[in-house]
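# Structural characterization, general
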Amino acid sequence: MAFGARGWRRRSLLLLLLWVTGQAAPVLGLAVSSELQIQRSFVPDECPRTVRSGDFVRYHYVGTFLDGQKFDSSYDRDSTFNVFVGKGQLIAGMDQALVGMCVNEEAFCDDPAKPCLWNTGVIPPNSVLHFDVLLVDIWNSEDQVQIQTYFKPPSCPRTIQVSDFVRYHYNGTFLDGTLFDSSHNRMKTYDTYVGIGWLIPGMDKGLLGMCVGEKRVITIPPFLAYGEEGDGKDIPGQASLVFDVALLDLHNPKDTISIENKVIPENCERRSQSGDFLRYHYNGTLLDGTLFDSSYSRNHTFDTYIGQGYVIPGMDEGLLGVCIGERRRIVVPPHLGYGEEGRGSIPGSAVLVFDIHVIDFHNPSDSISITSHYKPPDCSVLSKKGDYLKYHYNASLLDGTLLDSTWNLGKTYNIVLGSGQVVLGMDMGLREMCVGEKRTVIIPPHLGYGEAGVDGEVPGSAVLAFDIELLELVPGLPEGYMFVWNGEVSPNLFEEIDTNGDGEVLLEEFSEYIHAQVATGKGKLAPGFNAEMIVKNMFTNQDRNGDGKVTAEEFKLKDQEAKHDEL
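Residues numbered from 1 in each chain as written. Predicted model: local features only at pLDDT ≥ 70, side-chain atom pairs only at ≥ 80, totals over all residues. Heavy atoms only, no water.

For the protein chain, an unreviewed UniProt entry supplies the name peptidylprolyl isomerase and the organism Apodemus speciosus. Comment text from UniProt for the protein chain, heading Catalytic activity (unreviewed entry), reads "[protein]-peptidylproline (omega=180) = [protein]-peptidylproline (omega=0)". (UniProt positions renumbered as here; feature names shortened; annotations may be inferred.)

Below, the structure written as structure tokens:
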């Protein structure tokens, strides 16, 4: 584990340790006696634990004589004084003075210590000693990891177990609150396996049982942390560590995807299969709820094939078996998502949560689907290619989004079947329909508006639903014909058209004659097309030399013997 820079946070904590013999003497305005005297001048608001005999403590101190001359300081050595209390490793007065103290507590004491302990050549016998002490750490060899959970999410479907991989943020401090490291400062989670020796033993224990979103304080004694040596950099030896941890992510390398169905439509005629093409909306979040992507923000569905490697493996699997209109949550472990490297705003080794809403899906092999809702009693005349149809429709997406409606416009939609006036799927869906019939036609995009859709109207790759009511059917002409005779064709047809008898028929003469035949029922133009354009095309076909007039030699019948001949 890497740690950042630290700085000692110093308090003015004064421990006055006095040794005198004989009569009491004034020291700094205090009455000095041969009995140990302790005066607490500051006790922290929070004091979860006090020093007991047998505890190990770490403290800084400055030792001075009565005149203020310094004789020793742990600060000069840049190292705390580390010692067991109550085991004879300290002068008797200090052993007694430390008992009952809190980390960061301030106290004064007077102590009649034994001269032999101080007769070192530095401290003269019978000296009055002043100690300015900062207690920074306390622990006992019987201590275990302490856990204080201060936030736990309402939902906790899973907790950390041995061999899980976790991502968490933390602040690491000593018992006195000094910060030695923070993942927040690096703006990167700490990512590791739990319970397999990748962490200090205390952290391995302290993380077990956590939920994603949980926040806890883990206090670790040094023998379950970095021990007597520390980490050789920022953590001194024999230091208790406090980690304020927020768990963001959790998975196990053996995990597969998990699926939670939120909404399943009552009518689910078909479920998605490998090879289908899906259009769906989604919100993508990390396990802690952080949003990393959303199709809604782009106002466009995500469109893809499934089961063919177009999406991450977890989504390929998670999108199988969905219904149109279904909402489900798919949780994807990183080895089925973006792995250790991550991608863009997705960090490495992140578990991903996709809340999806399936708008539609189809297969490239699909044809149209027709559901007839009503047929009139007399349904003998069925629509066919060439017929002229008038119908009403509502057009929508499969999620019910209305795209267009002739009822709203107040007029029918009129086409000739088989003439290319509508998309192929609609042309197919209007076949073999009788007047008065009502049906729903489902059209896959390859028989509709394809991948491009219609800008601003129909999304690309959209399956379309048309609710249709046929109002009128005008039978068309035989395939390939734009005009037919309803009776016998006159043997003197050219002469009848050439009303002025000059041997030449102009377009005006030709048009007047054809319209007269239609008006009297002797002839019929193909319904649904521009009559003038049909007549003009007929005339052009007879005007073989293109001089704008038809002669008797150019005028020919297609089949003199046919009852329904086209000019």
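Structure shown, so let's carry the discussion forward.
Along the backbone of the protein chain there are 10 helices and 31 strands. The buried share of the protein chain, reckoned over its 567 residues, is 47%. Carbon and sulfur atoms provide 50% of the accessible area of the protein chain, an area that totals close to 28200 Å². (Helix = DSSP H or I, 4+ residues; strand = E, 2+ residues; numbered from the N terminus. Buried < 20%, exposed > 50% of the residue type's maximum accessible area, 1.4 Å probe, protein only. Areas by Shrake-Rupley, 256 points an atom, 1.4 Å probe, with all protein chains shown as cover.)

As a further point, take the environment of Gly 321. Relative to the helices and strands, Gly 321 is located in the loop between helix 5 (313-318) and strand 20 (327-332). In this structure Gly 321 comes out as partly exposed when scored by relative accessible area, which is 22%. The contact partners of Gly 321, leaving out residues within four places of it in the chain, are Arg 271, Ser 272, Glu 326 and Arg 328. (Contact = heavy atoms within 4.5 Å.)

Quick look at the side chain of Asp 427 now. Looking at the element boundaries, Asp 427 is found in helix 7 (residues 424-429). Relative accessible area serves as the criterion here: at 5%, Asp 427 is assigned to the buried category.

Take helix 10 (residues 531-542) next. Between its terminal C-alpha atoms helix 10 stretches 17 Å, which fits the 16 Å expected from 12 residues at 1.5 Å a residue. If you check which residues of helix 10 are buried, you get Ile 534, Val 535, Met 538, Phe 539 and Gln 542. End-on view of helix 10: buried residues confined to an arc of 135°, all on one side of the axis. Its buried side turned inward, helix 10 meets strand 28 (483-485), strand 29 (504-505), helix 9 (507-519), strand 30 (523-525) and strand 31 (550-551). Where helix 10 begins, the capping side chain belongs to Asn 530, and its oxygen is found 3.0 Å from the backbone nitrogen of Glu 532. (Expected span 1.5 Å × (residues − 1). Arc of directions from axis to C-beta. Polar contact = N/O pair within 3.5 Å; in protein donor to acceptor, adjacent residues only side chain to side chain.)

What follows is about the packing of aromatic side chains. Per the stated rule, a full pass over the model turns up 29 aromatic pairs. Among the aromatic residues, ring-to-ring pairing joins Tyr 168, Tyr 170, Phe 174, Phe 180, Tyr 190 and Phe 243 into one connected group. Across from the ring centre of Phe 84, 4.3 Å away, lies the NZ or CZ of Lys 87, which sits over that ring. (Phe/Tyr/Trp six-rings, centres within 6.5 Å; stacked < 30°, edge-to-face > 60°. Lys NZ or Arg CZ within 6 Å of the ring centre and 35° of its normal.)

The final tally for this structure, using the stated rule, is 4 disulfides. A disulfide bridge connects Cys 379 with Cys 434, and the sulfur atoms are separated by 1.9 Å. Sign of the S-S torsion, about -100° for the bond between Cys 379 and Cys 434, identifies this disulfide as left-handed. One end of the pair, Cys 379, is in the loop between strand 22 (369-374) and strand 23 (388-397); the other, Cys 434, is in the loop between helix 7 and strand 26 (438-443), with 55 residues separating them in the sequence. Residue Cys 434 is classed as buried on the basis of its relative accessible area, which comes to 1%. (Disulfide = S-S within 2.5 Å.)

Here we take up unusual backbone geometry. Positive phi, normally seen in glycine, also occurs at Ser 163, with a value near 85°. Examined against the element boundaries, Ser 163 turns out to sit in the loop between strand 10 (146-151) and strand 11 (165-174). Residue class for Ser 163 comes out partly exposed when judged on its relative accessible area of 29%. Phi angles above zero are rare outside glycine, and Ser 461 is one such case at about 60°.

So, on to the packing of helix 9 against helix 10. Two elements in contact, helix 9 and helix 10, have axes whose closest approach is 10 Å; the angle formed by their N-to-C orientations is 125°. By the angle between their directions, the pair helix 9 and helix 10 is classed as oblique. Note on packing geometry: the crossing formed by helix 9 with helix 10 is right-handed. Counted together, Leu 507, Phe 510, Ser 511, Ile 514 and His 515 of helix 9 and Ala 531, Glu 532, Val 535, Lys 536, Met 538 and Phe 539 of helix 10 form the full contact between these two elements. Looking at the contact of helix 9 with helix 10 residue by residue, the class counts come to 7 nonpolar, 2 polar and 2 charged. (Axes fitted to C-alpha atoms, helices over the stretch in contact; angles between N-to-C directions. Parallel < 35°, antiparallel > 145°, perpendicular 65-115°, else oblique. Left-handed = near helix turned anticlockwise from the far one by under 90°. Nonpolar A, V, L, I, M, F, W, Y, C, P; charged D, E, K, R; others polar.)

Within the structure shown, the criterion is met by 27 salt bridges. Among the salt bridges present, the one from Lys 385 reaches Glu 479, with a minimum N-O distance of 3.2 Å. Of this pair, Lys 385 sits in the loop between strand 22 and strand 23 while Glu 479 sits in the loop between strand 27 (464-474) and strand 28, and the two are 94 residues apart along the sequence. For Lys 385, a relative accessible area of 42% gives the class partly exposed. Exposure remark for Glu 479: the relative accessible area of 66% places this residue in the exposed category. Linked through salt bridges whose partners overlap, the residues forming this network are Arg 49, Arg 52, Asp 55 and Asp 143. (Salt bridge = Lys/Arg side-chain N within 4 Å of Asp/Glu carboxyl O.)

What follows concerns helix 9. With 13 residues, helix 9 ought to run about 18 Å at 1.5 Å a step, and its terminal C-alpha atoms sit 18 Å apart, in line with that. Every buried residue belonging to helix 9 is among Glu 509, Phe 510, Ser 511, Tyr 513, Ile 514 and Gln 517, and all of these are buried. Elements that come into contact with the buried residues of helix 9 comprise strand 28, helix 8 (493-497), strand 29, strand 30 and helix 10. Just downstream of helix 9 lies Gly 521, where phi reads positive at about 85°.

Burial analysis of strand 23 places 8 of its 10 residues in the buried class, which makes it a mostly covered element. Bridging between strand 23 and strand 25 (residues 413-416) involves 4 bridges; their strand directions are antiparallel. The residue bridging Lys 390 from the neighbouring strand is Asn 414, located in strand 25. Two elements, strand 23 and strand 24 (residues 402-405), share 3 bridges in a ladder whose sense is antiparallel. Note that in strand 24 the partner of Ala 395 across the bridge is Asp 404. In this antiparallel pair of consecutive strands, strand 23 and strand 24, the connection spans 4 residues, and Gly 400 shows a positive phi of 95°. (Pairing = 2+ DSSP bridges.)

For the rest of this paragraph, the subject is the nonpolar core. Counting residues in each nonpolar core, the largest one holds 27 residues, and the members touching the most others are Tyr 168, Met 203, Leu 207, Leu 241, Phe 243 and Val 245. The set of elements that each furnish at least two residues to this core consists of strand 11, helix 3 (201-207), strand 14 (215-220) and strand 15 (241-251). Top contributing element to this core by residue count: strand 15, with 5 residues. Once residues lying within four places of it in the same chain are set aside, the contact partners of Met 203 are Tyr 168, Ile 218, Ile 220, Phe 243 and Val 245. (Core = buried A, V, L, I, M, F, W, Y, C linked by side-chain atoms within 4.5 Å.)

Let's shift gears to the environment of Lys 188. Within the secondary structure, Lys 188 sits in the loop between helix 2 (183-186) and strand 13 (190-193). On a C-alpha basis, the gap between Lys 188 and His 169 in space is 7.6 Å, while along the polypeptide they are 19 residues apart. Beyond its immediate chain neighbours, meaning those up to four positions away, Lys 188 contacts His 169 and Ser 183.

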